[in-house]
Amino acid sequence: MLGLWALVVLVSGLSSLAGYGLFDGASPEALAFILAYAGGAILTMLADTLMPEAFEKGGAQAGLLTSVGFALAFALTTLE
């Protein structure tokens, strides 16, 4: 299990380095598309993997709190 997570950390670090190198001079439109795609992937993962368990254990508030968390993350991103 530790080896698998070590591999995930390694691949994530190398991917981040490659992304920084490849997209350093990218246009704002290209970066916006990439960030929107990544955000959609995260929301899909949340909906598919975590939300069923959250609704089972947390009830109807789970959806509302997820939306509040997403809105807060969006608001913090706009402060940059």
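Procedures and definitions
- Numbers given to residues run from 1 along each chain, matching the order in which its sequence is written.
- Selection of residues for local features in this predicted model requires a pLDDT of at least 70, selection of side-chain atom pairs for listing and counting requires 80 or more, and totals for whole chains, interfaces and linings are taken over all residues.
- Computation of side-chain values: all heavy atoms of the structure, hydrogens and water removed.
- One speaks of a salt bridge when a side-chain nitrogen belonging to Lys or Arg is within 4 Å of a carboxyl oxygen belonging to Asp or Glu.
- Runs of H or I in DSSP of at least four residues are treated as helices and runs of E of at least two as strands, each being numbered from the N terminus.
- Surface patches are defined over residues having more than 30% relative accessible area and no salt bridge, joining like charges when they lie within 9 Å and nonpolar side chains (Val, Leu, Ile, Met, Phe, Trp, Tyr) when within 5 Å.
- Here, Shrake-Rupley sampling with a 1.4 Å probe gives the accessible areas, and only protein chains in the shown set may cover a residue.
- In this scheme, a residue with accessible area under 20% of its type's maximum is buried, one over 50% is exposed, and one in between is partly exposed, where area comes from a 1.4 Å probe on protein chains only.

Asks: Which parts of the structure should I look at to understand the pattern of salt bridges?
Replies: Charged atoms that come close allow side chains of opposite charge to pair. Applying the stated criterion across every chain, the model contains one salt bridge. Lys57 is the partner of Glu53 in a salt bridge, and the nearest nitrogen-oxygen pair spans 3.3 Å. Placement of both Glu53 and Lys57 in helix H2 (residues 28-58) is noted, with a separation of four residues, approximately one turn of the helix.

Asks: Mind showing me how you'd approach a nonpolar patch on the surface here?
Replies: A cluster of nonpolar side chains, contributed by Met1, Leu4, Trp5, Leu7, Val8, Leu10, Val11, Leu14 and Leu17, occupies part of the molecular surface with about 970 Å² of accessible area. Mapped onto the elements, Leu4 comes out in helix H1 (residues 2-22). Look at Leu4 and you get exposed, because its relative accessible area is 52%.

Asks: Got a minute to help me understand the environment of Ala60 in this structure?
Replies: Residue position: Ala60 is located in the loop between H2 and helix H3 (61-78). Along the sequence, Ala60 and Val8 sit 52 residues apart, while their C-alpha atoms lie 33 Å from each other.

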